Amino acid sequence: STHCISSAASDVYKRQEYFYDHITASAAELGLTADTLGVPIQELLHIHHGEGLGYAHSTPEELAYIVRVSQSTGVIFDPVYSGKGLYHFTQKVLPEDLAKGPDNRVFRSGQKVLFIHTGGIVGLYDKESEVVPLLPTAKVSRMRAYPAVK
């Protein structure tokens with residue numbers, strides 16, 4: 001079967017080689033090497049440059065998407081990394097790939113794609129004033145960050 005790992009990563013301060021090396025090393029820790037996969041991981045990995053408003057700056061469309069996906073899946077995404085990456089991947093990368101035609105696509109029909117959620121959920125608290133209006137008012141009126149227990 002064909003595998004594809006896709007990363008919608010911003011390489012503002014790091015080159016793509018950094019991501020390829022980092023992901024290759026992480027995969028090796030999981031026992032996924034060129035020997036176990038049958039090909040070098042770089043052949044399975046596609047890094048897509050995502051660009052937005054900048055670090056921790058979100059568009060209303062990105063925030064609405066993050067809230068919608070979080071509500072429908074139960075998986076909470078942040079507006080800084082994973083949420084932006086998923087938004088860029090599903091709203092930009094996949095549609096652009098589909099437009100290429102079947103012989104030129106990176107992603108093939110029926111292919112499994114792995115999107116890695118890297119955490120960062122606490123980033124939602126910085127966006128409280130923008131996120132709360134997107135939530136059902138009958139259920140949420142504010143987000144509360146509790147102080148650390150010492």
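These numbers come from a predicted model, not from an experiment.

Q: Requested: an account of the packing of aromatic side chains, with residues and values cited.
A: In this structure the tally under the stated criterion is 1 aromatic pair. Relative to tyrosine 87, the ring of tyrosine 65 lies with its centre 5.4 Å away and its plane at 75°, an arrangement referred to as edge-to-face. On the criterion of sequence distance, the pair formed by tyrosine 65 in helix H3 (residues 60–73) and tyrosine 87 in helix H4 (residues 82–98) is long-range, its members being 22 residues apart. Here tyrosine 65 falls in the buried class, since its relative accessible area comes to 8%.

Q: So what's going on with the packing of H3 against H4? Residues and values would help.
A: A packed helix pair is summarised by two numbers, namely the angle formed by the two axes and the spacing between the axes. One can describe the packing of H3 onto H4 by two numbers: an axis separation of 9 Å at closest approach and a directional angle of 95°. When the axes of H3 and H4 are compared, the pair comes out roughly perpendicular. From H3, Glu61, Glu62, Tyr65, Ile66 and Val69 reach across to H4, where they touch Gly83, Lys84, Leu86, Tyr87, Thr90 and Gln91. Looking at side-chain class alone, the contact of H3 with H4 contains 5 nonpolar, 3 polar and 3 charged residues.

Q: Requested: an account of the nonpolar core, with residues and values cited.
A: Tyr65, Ile66, Val69, Phe77, Leu86 and Tyr87 together form the largest nonpolar core, which totals 6 residues. Broken down by secondary-structure element, the contributors of at least two residues to this core are H3 and H4. Ranked by residue count, the leading element in this core is H3, at 3 residues. Residue contacts for valine 69: discarding those within four places in its chain leaves Gly74, Val75, Phe77 and Leu86. Of all hydrophobic cores here, the second largest spans 5 residues; its members include Leu63, Val67, Val131 and Leu135.

Q: Kindly report on H4, identifying the contributing residues and their values.
A: Given 3.6 residues per helical turn, the α-helix brings residues three or four places apart onto the same face. Spanning 17 residues, H4 covers 22 Å between terminal C-alpha atoms, matching the ideal 24 Å at 1.5 Å per step. The sharpest bend along H4 measures roughly 35° and falls at phenylalanine 89. Among all positions in H4, only Ser82, Gly83, Lys84, Gly85, Leu86, Tyr87, His88, Phe89, Val93 and Asp97 are buried.

Q: Break down the environment of valine 67 for me, with residues and values.
A: Inspection of the secondary structure puts valine 67 in helix H3. What valine 67 contacts, discounting residues up to four positions off in sequence, is Val131, Leu134 and Leu135.

Q: Lay out the pattern of salt bridges in plain terms, naming residues and giving numbers.
A: For the coordinates displayed, the defined rule picks out 1 salt bridge. Of the charged contacts, one joins lysine 100 and aspartate 97 as a salt bridge, the two residues approaching to 3.8 Å between their closest N and O atoms. The partly exposed category is assigned to lysine 100, whose relative accessible area is 42%.

Q: How would you summarise a nonpolar patch on the surface if you had to cite specific residues and measurements?
A: Nonpolar side chains collect at one region of the surface, where Leu30, Leu32 and Leu37 lie side by side and expose about 270 Å² of accessible area between them. Considering the arrangement of structural elements, one finds leucine 37 in helix H2 (residues 34–37). Classification of leucine 37 by relative accessible area gives partly exposed; the value is 30%.

Each value, and the rule that gives it
- Residues numbered from 1 in each chain as written.
- Predicted model: local features only at pLDDT ≥ 70, side-chain atom pairs only at ≥ 80, totals over all residues.
- Heavy atoms only, no water.
- Phe/Tyr/Trp six-rings, centres within 6.5 Å; stacked < 30°, edge-to-face > 60°.
- Helix = DSSP H or I, 4+ residues; strand = E, 2+ residues; numbered from the N terminus.
- Buried < 20%, exposed > 50% of the residue type's maximum accessible area, 1.4 Å probe, protein only.
- Axes fitted to C-alpha atoms, helices over the stretch in contact; angles between N-to-C directions.
- Parallel < 35°, antiparallel > 145°, perpendicular 65-115°, else oblique.
- Contact = heavy atoms within 4.5 Å.
- Nonpolar A, V, L, I, M, F, W, Y, C, P; charged D, E, K, R; others polar.
- Core = buried A, V, L, I, M, F, W, Y, C linked by side-chain atoms within 4.5 Å.
- Expected span 1.5 Å × (residues − 1).
- Bend = angle between axes of the 7 residues up to and from the residue.
- Salt bridge = Lys/Arg side-chain N within 4 Å of Asp/Glu carboxyl O.
- Patch = residues over 30% accessible without salt bridge, like charges linked within 9 Å, V, L, I, M, F, W, Y side chains within 5 Å.
- Areas by Shrake-Rupley, 256 points an atom, 1.4 Å probe, with all protein chains shown as cover.

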